[in-house]
Amino acid sequence: MAKVGIMGAGSWGTAISWLLTNNRHEVTVWSIDAKEVEMLDREREHKSKLPGVKLQDGIRFTNEIREGIEGKDFVVLAVPSPFTRSTAQRMCPYVKEGQILVNVAKGIEEKTLMTLSEQIEEEVPQADVAVLSGPSHAEEVGKGLPTTCVVGAKTRETAEYLQKAFMSEVFRVYTSPDIKGIELGGSLKNVIALAAGIADGLGYGDNTKAALITRGIAEIARLGVKMGGKIETFTGLTGIGDLIVTCASVHSRNRKAGYLIGQGRTMQEAMDEVKMVVEGVYSAKAAKQLAGQYRISMPIVEQVNQVLFEGKSPAEAVKELMLRDRKEEHSALPWGEEDTDTK
Ligand SMILES: NC(=O)C1=CN([C@@H]2O[C@H](COP(=O)(O)OP(=O)(O)OC[C@H]3O[C@@H](n4cnc5c(N)ncnc54)[C@H](O)[C@@H]3O)[C@@H](O)[C@H]2O)C=CC1
Ligand SMILES: O=C(CO)COP(=O)(O)O
């Protein structure tokens, strides 16, 4: 049994508190919002963000960040990405040398283009920073429906420690040293999920969705590998696995926001209607900048940016994707023409 702190009491922080308490850990949840803390303590359920998930009596809720960190074997960061850096800054004075911080949020900082673990390391240099990612909608995790995720860490020891802490009969955990690949897959898939939602909102079909997922992972992997991620990570749970669920699931906030945009809402109207964080909106700009910096072609990311920030109509964006330059599927595959010539 471990003592665990969880930073953030939104949909994902709440589901993880339920999951880790089921694994017999002692859980303390911190929220910046005193009203949220008071409500969770009283109701033992987050009715607006994770309805139907009854939180165990043993979970402690606090508005004092120190209480979520001091004496904890590890601390989970589950705040939306725009608040990762500020939360890490608040945490820093209480984090001990080598204390494990595991980030479960998915995003890229717009201003610096840093991944979330890089931000945390910059703000809390004494910490041992790890990540957990994969296909894991809070609504299903909180019901105990089986899924599989990956822990990325700098050492095998930390990765296996966290694997054991999170793993249960409904939550299988793999380990990986590829933190960069895990984080890039987790944040970039949200941009593609916005596109998948837009396609749904326009009334397009399953073929369209499959095409977006397949060409989407090609874009993600092209950039991710150039940035130092491993190709195997992008074909694994935190790459294609998370991309599939986010593009297809009724629970996805990114897909839902995209759907509303495809139906004619503005980006702001869609975000207001979803109510929870729509990370792809923040990652879209960062992804476009990274594509430019690394000279990578990311046509879906480009069109999502134009729809979100330049007022382009979603239907026009799809048309442009369909009619861009004709290409080979994999330009590295040889035709074998030399062979046929010799026969
Ligand atoms: N919801 C899900 O199914 C999953 C979410 N994630 C990721 O986890 C992260 C959090 O997502 P959700 O919990 O769904 O978002 P959410 O929108 O439900 O989170 C809102 C919560 O963030 C906290 N918060 C609000 N303002 C804050 C501030 N200024 N500083 C610090 N904390 C603040 C509060 O506790 C609030 O309830 C995102 O990066 C998301 O991509 C990852 C896997 C699954
Ligand atoms: O990352 C997620 C599931 O693995 C959650 O995705 P959404 O933020 O789109 O709901």
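Thresholds, definitions, all that
- Residues numbered from 1 in each chain as written.
- Chains lettered and ligands numbered in written order.
- Predicted model: local features only at pLDDT ≥ 70, side-chain atom pairs only at ≥ 80, totals over all residues.
- Heavy atoms only, no water.
- Helix = DSSP H or I, 4+ residues; strand = E, 2+ residues; numbered from the N terminus.
- Core = buried A, V, L, I, M, F, W, Y, C linked by side-chain atoms within 4.5 Å.
- Buried < 20%, exposed > 50% of the residue type's maximum accessible area, 1.4 Å probe, protein only.
- Contact = heavy atoms within 4.5 Å.
- Axes fitted to C-alpha atoms, helices over the stretch in contact; angles between N-to-C directions.
- Parallel < 35°, antiparallel > 145°, perpendicular 65-115°, else oblique.
- Nonpolar A, V, L, I, M, F, W, Y, C, P; charged D, E, K, R; others polar.
- Near = heavy atom within 4 Å.
- Polar contact = N/O pair within 3.5 Å; in protein donor to acceptor, adjacent residues only side chain to side chain.
- Areas by Shrake-Rupley, 256 points an atom, 1.4 Å probe, with all protein chains shown as cover.
- 1 Å grid on protein atoms, 1.4 Å probe; cavity = no way out; pocket = protein on both sides within 12 Å on 5 of 7 lines; lining within 4 Å.
- Sits in = over half its atoms within 2 Å of the grid points.
- Domains from an automatic or database assignment.

(A) Structural detail: unusual backbone geometry. With a phi angle near 55 degrees, Arg44 is a residue other than glycine that sits in the positive phi range. Along the chain, the position of Arg44 falls in the loop between helix H2 (34–43) and strand E3 (60–62). Of note, Leu113 is a non-glycine position whose phi angle comes to about 60 degrees, a positive value. The topology assignment puts Leu113 in the loop between strand E5 (100–103) and helix H4 (116–123).

(B) Layout of the nonpolar core. Ranked by internal contacts, the top residues of the largest apolar core, which has 44 residues, are Val304 and Leu308. When sequence neighbours within four positions are dropped, the list of residues in contact with Leu308 reads Leu194, Ile261, Met267, Val281 and Ala284. Among the nonpolar cores identified, the runner-up in size contains 39 residues, and Val29, Ala138, Cys149 and Val173 belong to it.

(C) Expanded view of the packing of helix H8 (residues 206–226) against helix H14 (residues 299–309). Here H8 crosses H14 at 100 degrees, and the two axes come no closer than 8 Å. Here H8 is positioned roughly perpendicular relative to H14, judged by the angle of their axes. Of the residues in H14, those touching H8 at Leu212, Arg215, Gly216, Glu219 and Arg222 are Pro299, Ile300 and Val301. Its residues assigned to classes, the contact of H8 with H14 shows four nonpolar, one polar and three charged.

(D) Fine view of the site of ligand 1. What surrounds ligand 1 is a group of 24 residues, the closest being Trp12, Glu36, Ala138, Arg253 and Glu279. Note that an oxygen atom of ligand 1 is positioned 2.5 Å from one of the side-chain N or O atoms of Glu36. Within the backbone of Val277, one N or O atom sits 3.0 Å away from an oxygen atom of ligand 1. Burial of ligand 1 by the protein chains amounts to 88% of its free accessible area of 830 Å². Cavity membership is defined here by more than half of the atoms lying within 2 Å of grid points; on that basis ligand 1 lies in the largest pocket. Residues that form the shell around ligand 1 fall into these classes: twelve nonpolar, seven polar and five charged. Lining the shell around ligand 1 are residues from two domains, each supplying at least three of them: domain 1 (3–177) and domain 2 (180–323).

In short, the description is geometric, and any link to function would need to be established separately.
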